[in-house]
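Below are the chains, spelled out letter by letter.
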Amino acid sequence: MILTRRLLACVAAALLLTNTVAFAIPERATYFDPSLPIDKRVDDLMSRMTEDEKIGQLNQLFYFAQFMKPEMIDPGLREGKIGSLLFVTDPATINRFQKIAVEQSRLKIPLLFGFDVIHGFRTIFPVPLALASSWDVDLVERVQTIAAREASATGIRWTFAPMLDIARDPRWGRIVEGAGEDPFLGARIAAAQVRGFQGQDPASPGRLLACMKHFAGYGAAAGGRDYDAAYISDAELYNVYLPPFQAAVDAGVGSAMSAYMDLNDVPATGNAFLLHDVLRKQWGFKGFVVSDADAVGNLVTHGFAEDKADAAARALTAGVDMEMSIPSGISNAYSNNLAKLIKEKRVTTAQLDEAVRRVLEAKFKVGLFENPYADEARAASMHNNPEHRKMARIAAQRSAVLLRNEGNLLPLDPKFSSIAVIGPLADSKRDIRGSWSLADDMKTAVTVVEGIRAKVRSGVKVEYAPGVDIARSYPSLFELFFGPRPKLWNETQGPEEFDKAVKLARSSELVVMVLGQHEEMSGEGASQSTIELPGRQRELLEAVSALGKPTVLVLINGRPLDISWAVTRVPAILEAWHPGAEGGNAIADLLWGDATPVGKLPITWPRSSGQIPIYYARNLTQEPESKPGFKSRYWDIPTSPLYPFGYGLSYTSFGYSNLRVSKGTAKLGESVEVTVDVENTGRRAGEEVAQLYIHQRSGSASRPTRELKGFERVVLAPGEKKTVRLTLGKRELTYWSSATRGWVHEPATFDVWVGGDSNATLHTEFQIAR
Ligand code: BGC
């Protein structure tokens, strides 16, 4: 699809060119008056619009500076045929386009510029899966506040984030863009992101409009193959896939993006159940909906719509307000067909007006009529901003998860005087950043080698050898589109590089191995059939480990990988994910103890690909794993994952005790307070995430063996003990039942566990009485 975009972009100009019609609009028409309420301003503006101008507001086009000329877009802007542009990241170009829209178009309606500000804009923060590993909602909010500040200074007033797709299959490349497998954690992180982007008011300086995506169920792609159809029961939809979206709506998210795939045979972009019944009727969402790129036109490709006109009619009727598409005039299902559809009475003017109204409301809401332009000087100050870089370093420290630390190898003893840093990702500026790093200056990213060199005392020898290359069979979507094209697809680097790395390790006192995946190996169109360490990385790890040196494995990746071999042989393993521009510094901080790991896995870590899908909130079976003598449901490997959801070590240890509930029996609708003491039982200061899990023992439907229903971060000095209080309210005790086909809050006995991961053993219980 992306390839077609590039080809078709070239024919854009011709199709957008027609004569400009100039009508006089009073200089200070009512809709320019900021003192009036937004609905009055929209009423006034809409009363002046032609049908073509209305349709224009629903048209969002890509602009790729790499291979498009701005003149291709200009005529459409003058004629009011374009409501929004995406992918323009240069403030001067934004201002150039905006000037045409607000000075030369008849109604002077400003353009809304959108971009995928996913984990930073000029300053790249850890990828979303990493940020979710922090379980730190304040941190997530602060990170997105900075991202919003940088992007909005550039004139981008709309981000296609947060991505809220629950993902339980690490083969799916887009798992890197979300918050992992859990609806409760996902919902908390979703709300924090919306607050970070939009603040109290998206029109206030430094804020922008958020867009929750991809609505909904995209993460359940069969086989982890991106874009594949998702089949999700209503119970799973309401209990697992939708809660983060509902949380975003509750937090006031301004827009939503419809997903690409079929949901239970109805494409999400033509799905009135999702876009109308759930989003608007059940949740009261007031913002507007944009389609994913070309998703309206692709209703035909799906074998759903008859042709592009049918696609436009069905998407608009289902609830897609704006169409995101390439500027080809071919895929623009809305702009090419809506006028005709209205004439043929397949779409009503009222339906068109409703969509236009929502888009205009958003433009007023972000203050575009008052402040349409980017402040170019301010935009320049967003490059390499020291305050933002500092935050990126903190975020990377807090997003890393310490998976193993045998013999307390970490934090490292400063005594080591020669260090071998080995692996194909150790000195890669591109890979430290992660997917969706498209508007930053890659040169400023700090690699692990650079971070370590800056960290160690003078006189310590730090040497680097890549050892192997990472082989792949196919380029990813982003490489095809934006480049650079990968040079070595099937080859691996020669044996001399491998031997050089082993030799370097042999002659060094300490080895830091940096393995994982290139940044483009996860993200859109970057699914894979197995989670094995790609290429000859495992072989290299085996050869280096055989030397018996103190060895730390640092993982740079966007999904859990099969590291079963390493977890019994390599003493220390730190999951850094793609930690962003300050990643190398943050990793060095963690390795040498200037920062303490605080991250927890937001996803269950499988032992191997064969266990996928695996997630902790599974239902009990007739052979529960807790049954005495239970071995495994597989005969070849244990049923349990390599690491449970919520897992992560610190440089200190924590003890939990004194778990109690405020009442042994509560009435329906009453809250139950859960209290627990958490103690730092080690010798270093640390921070723990106390996690509360419940299980409803009986009900109209079976409930998962455990579900996360609360968590809190606790900072503890050595020996310090604090009491954590968490509340289980009606909301936490309610679920959508397949039996009653509705939300239920039922009398039952509830198990409660609190601890440092989803295997927590400290237990109590309470009842909800009739
Ligand atoms: C992705 C969206 C993204 C859009 C615009 C699509 O291919 O699925 O997540 O927001 O492109 O870049």
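Residues numbered from 1 in each chain as written. Predicted model: local features only at pLDDT ≥ 70, side-chain atom pairs only at ≥ 80, totals over all residues. Heavy atoms only, no water.

I'd like a rundown of empty space enclosed by the protein, residues and numbers included.
The full count for this structure, using the stated rule, is six cavities of 30 Å³ or more. There is about 100 Å³ of room inside the second largest cavity. Split by residue class, the lining of the second largest cavity holds five nonpolar, three polar and three charged. (1 Å grid on protein atoms, 1.4 Å probe; cavity = no way out; pocket = protein on both sides within 12 Å on 5 of 7 lines; lining within 4 Å. Points joined across faces, edges and corners; volume = space filled by probe spheres on them. Nonpolar A, V, L, I, M, F, W, Y, C, P; charged D, E, K, R; others polar.)

Go over the packing of helix 10 (residues 234-241) against helix 11 (residues 243-250), please, and point to the residues and values.
In the contact formed by helix 10 and helix 11, the axes pass within 6 Å of each other and the chain directions differ by 50°. Taken together, the axes of helix 10 and helix 11 are oblique relative to one another. Residues L237, Y238, N239, V240 and Y241 of helix 10 form the contact with helix 11, whose own contacting residues are P243, P244 and F245. Classifying every residue of the contact of helix 10 with helix 11 gives seven nonpolar, one polar and no charged. (Axes fitted to C-alpha atoms, helices over the stretch in contact; angles between N-to-C directions. Helix = DSSP H or I, 4+ residues; strand = E, 2+ residues; numbered from the N terminus. Parallel < 35°, antiparallel > 145°, perpendicular 65-115°, else oblique. Contact = heavy atoms within 4.5 Å.)

Quick one: what's the story with unusual backbone geometry, residue by residue and with numbers?
The amide bond that connects F215 to the next residue, A216, takes the cis arrangement and shows omega of -10°. By the element assignment, A216 lies in the loop between strand 5 (211-215) and helix 10. For the bond running from I612 to P613, omega is -5°, close enough to zero to count as cis. Tracing the backbone shows P613 in the loop between helix 24 (583-591) and strand 17 (654-661). Phi angles above zero are rare outside glycine, and W436 is one such case at about 65°. Assignment of secondary structure puts W436 in the loop between helix 19 (429-433) and helix 20 (448-455).

Give me the pattern of salt bridges: which residues, what numbers.
All told, the structure shown has 51 salt bridges when counted by the stated rule. Between R106 and E53 there is a salt bridge whose closest N-O contact spans 2.7 Å. Highlighted residues: R106 in the loop between helix 6 (91-104) and strand 3 (112-115) and E53 in helix 4 (residues 51-57), separated in sequence by 53 residues. Take R106: its relative accessible area is 11%, and that puts it in the buried class. A residue is classified by how much of its surface remains accessible, and E53, at 9% relative accessible area, is buried. One continuous salt-bridge network, built from bridges that share partners, spans D136, R398, E687 and R713. (Salt bridge = Lys/Arg side-chain N within 4 Å of Asp/Glu carboxyl O. Buried < 20%, exposed > 50% of the residue type's maximum accessible area, 1.4 Å probe, protein only.)

I'd like a description of the sheet that holds strand 6 (residues 255-258), backed by residues and values.
The three strands lie next to each other as 5-6-9, forming an open sheet whose pairing is parallel. Edge strands, defined here as strands with exactly one partner in the open sheet, are strand 5 and strand 9 (288-291). Geometrically, the sheet is characterised by an average inter-axis angle of 25° between neighbouring strands, direction not taken into account. The sheet contact formed by strand 5 and strand 6 spans three bridges and is parallel. Within strand 6, the position partnered with C211 by the bridge is S255. (Pairing = 2+ DSSP bridges.)

Purely spatial values, then, with no claim about function.
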